[in-house]
Amino acid sequence: MTYDEDVTEEGAVQLTDGPREACGVFAAYTPRQRVSSLIYFGLYGLQHRGQESAGIATSNGETVTVFKDLGLVSQVFDEPALAGLDGHLGIGHTRYSTTGSNNWANAQPAHRQVGATSIALGHNGNLTNTSELAERLGIKGATTDSDLMAEGIARAIDDERSDDRGLEMAILDVASTWEGAFSLVIMDQGRIVGLRDPHGFRPLCLGALPEGGWVLASETAALDLVGARFVREVAAGEMVVIDAGGVHSYQLTQTPAPGLCLFEFVYFARPDSQMYGRGIHAARRQMGEALAAEHPAEGDVVVPVPESGLPAAQGFAAASGIPYADGLVKNRYIGRTFIEPSQSLRDRGIRLKLNPIPDNLRGKRVVLVDDSIVRGSTTRKLVQMIRDAGANEVHLRVSSPPYRWPCFYGMDTSDRSTLIAARLEVDEIRDHVGADSLGYLSLEGLLEATGVADAGFCTACLSGNYPTDVAEAADKFQLERS
Ligand code: SF4
């Protein structure tokens, strides 16, 4: 997937490709060990889920310390910063903003002090009833859904409780008021908590550390990075509390309806992660095989749009018998820069991300495989770039269906007018991007390729079927559809 908006409202150049996700979360509890470095490496494994800010909160049993800043994990933390984060338990967060702008105050973990209790919270997802919650809490002005959750919990904490379960009781008290997507890590001085909304839109898993202790992470790849063993996924609608007594589980609802974001399988998750027990790389490769069966192409070479189109292109090549070749090189050190580009550089923006290998394209009929097209303008530049490199034909194949409906659950596509497939039919998109042919994998084909279709997925951006009530704007689209 390639992304189209190189310059953000703040004037920064966003060189990451693909639509931005709402965040990565990580948490660790150990009986003895300092956890700041461990959380740092966990976040390192989740960097792809959010590149605007990073933060860690830790506790030594008495004091919660928070350190957060704008930037990549490696830019925010150095040895002195990690040394200042004392304690054997903590949480971490990498952020891309889907609610609230990108500034220091909105970086996470969010922190609150209630009497003697100190809490911190990291959120992946997007709530759909933010205004209602703000009104209920009497909060006016700019805020984030994550901040509202932290505030709601803080107000529900009974600091006078005779036991030490104030945090978990407060969460149980307020979680039913939250609508939309939330995979959370929360902590106080003595415990970490992980929870997922009743649909489990965003992933969260539990791992065990070899020397004792537990971790929670958005993806299994982050467990691998810190040497933790995958134990299980936190279930949709489940809250796990980890303290000196081990892992305790609570159900937020008796009627969970699992609906993991299907785009985790298509694009968001790392290929070396597993979800619903299925390896993401294998699923993406199978999507490519299914795509070759649904939309065969006459070509000389199959070329992926790196990196996310790679496994699907491998699958397409294997199933079609057309040789696979690298035709585009991705700048590996891509990230976010705050240098304002000149107009001429801006026009060349795509070259900062991807550059062609003319020797592999010249005189060829190229089957270009990408995992999705959201806005389309970069795809158009890409097709032109491949033609300029000498390709005779460009046949575009996409390993997911047309992205027609906005996401309100944590992907930054809430404005439908920016989605090319909301405005144009497939043959019009083909003409717009300048390809000789265009084929999208069907939703049925995509679900089957995951190998775990029955586990439950959100498909709203591809089908228009939203699993929850969403914003007024979405209701309008639903009417339009009926
Ligand atoms: Fe994922 Fe699309 Fe559902 Fe958003 S609408 S959670 S991107 S499947």
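Keep in mind that what you see is a predicted model, and the values were worked out from it rather than measured.

Trainee: Can you tell me about the packing of aromatic side chains, naming the residues and giving the values?
Mentor: A complete count under the given rule lists 14 aromatic pairs for this structure. Note on Phe201 and Tyr409: the rings are 4.0 Å apart at their centroids and 15° apart in plane angle, and the pair reads as stacked. In this pair, Phe201 sits in the loop between β9 (192-196) and β10 (205-208) while Tyr409 sits in the loop between β23 (393-398) and α14 (420-423), placing the two residues 208 residues apart along the sequence. When the centroid spacing of 5.4 Å and the interplanar angle of 90° are considered together, the rings of Phe265 and Phe457 count as edge-to-face. Placement of the pair is Phe265 in helix α8 (residues 262-268) and Phe457 in strand β25 (residues 457-458), with a sequence separation of 192 residues.

Trainee: Please provide a residue-by-residue account of the sheet that holds strand β11 (residues 214-217), values included.
Mentor: Think of a sheet as strands paired side by side through backbone hydrogen bonds, with each pair either parallel or antiparallel. One open sheet accounts for 7 strands, arranged β4-β3-β5-β2-β11-β10-β12; its pairing is antiparallel. Lying at the two open borders of the sheet, with one neighbouring strand each, are β4 (64-70) and β12 (229-233). Neighbour-to-neighbour, the strand axes of this sheet turn through a mean angle of 15°, independent of strand direction. Here 4 bridges tie strand β2 (residues 23-29) to β11, and the two strands are oriented antiparallel to one another. Bridged to Tyr29 within β11 is Trp214. The strands touched by helix α1 (residues 36-44) are β2, β3 (53-59), β5 (89-95) and β11; relative to β3, the strand with the most contacts, the crossing angle is about 150°.

Trainee: Please give an account of the side chain of Asp197 that cites residues and values.
Mentor: Examined against the element boundaries, Asp197 turns out to sit in the loop between β9 and β10. Arg196 provides the closest opposite charge to the buried, unpaired Asp197, separated from it by 6.3 Å. Within the local environment of Asp197, its side chain forms a polar contact with the backbone nitrogen of Phe182, the two atoms lying 2.9 Å apart. A polar side-chain atom of Asp197 sits 2.7 Å from the main-chain amide nitrogen of Gly200. In this structure Asp197 touches Gly180, Ala181, Phe182, Ala236 and Gly237, once residues within four positions along its chain are discounted.

Trainee: Break down the site of the ligand for me, with residues and values.
Mentor: All residues adjacent to the ligand are Arg202, Cys261, Leu262, Tyr403, Cys407, Tyr409, Met411, Cys458, Ala460 and Cys461. Looking at the shell around the ligand residue by residue, the class counts come to 9 nonpolar, no polar and 1 charged.

Trainee: I'd like to hear about a nonpolar patch on the surface, residue by residue, with values.
Mentor: On the surface, a nonpolar cluster with roughly 290 Å² of combined accessible area is contributed by Phe41, Tyr44 and Leu225. Tracing the backbone shows Tyr44 in helix α1. Here Tyr44 falls in the partly exposed class, since its relative accessible area comes to 43%.

Trainee: Hey, could you go over the sheet that holds strand β24 (residues 437-440) for me, with residue numbers and the actual values?
Mentor: Strand order in the open sheet formed by 4 strands is β18-β22-β23-β24, and the pairing between neighbours is parallel. Two strands close off the open sheet at either side, each with one partner strand: β18 (301-304) and β24. Neighbour-to-neighbour, the strand axes of the sheet open up by a mean angle of 20°, direction not taken into account. Pairing of β23 with β24, which is carried by 4 bridges, proceeds in the parallel orientation. Looking at the pairing, His395 lines up with Ser437 of β24. The strands touched by helix α9 (residues 280-294) within the sheet are β22 (365-370), β23 and β24, with β24 carrying the most contacts at an inclination of about 125°. In the packing of helix α13 (residues 377-388) onto the sheet, contacts are made with β22 and β23, and the angle to β23 comes to roughly 145°.

Each value, and the rule that gives it
Residues numbered from 1 in each chain as written. Predicted model: local features only at pLDDT ≥ 70, side-chain atom pairs only at ≥ 80, totals over all residues. Heavy atoms only, no water. Phe/Tyr/Trp six-rings, centres within 6.5 Å; stacked < 30°, edge-to-face > 60°. Helix = DSSP H or I, 4+ residues; strand = E, 2+ residues; numbered from the N terminus. Pairing = 2+ DSSP bridges. Axes fitted to C-alpha atoms, helices over the stretch in contact; angles between N-to-C directions. Contact = heavy atoms within 4.5 Å. Buried < 20%, exposed > 50% of the residue type's maximum accessible area, 1.4 Å probe, protein only. Lys, Arg positive; Asp, Glu negative; His and termini not counted. Salt bridge = Lys/Arg side-chain N within 4 Å of Asp/Glu carboxyl O. Polar contact = N/O pair within 3.5 Å; in protein donor to acceptor, adjacent residues only side chain to side chain. Near = heavy atom within 4 Å. Nonpolar A, V, L, I, M, F, W, Y, C, P; charged D, E, K, R; others polar. Patch = residues over 30% accessible without salt bridge, like charges linked within 9 Å, V, L, I, M, F, W, Y side chains within 5 Å. Areas by Shrake-Rupley, 256 points an atom, 1.4 Å probe, with all protein chains shown as cover.

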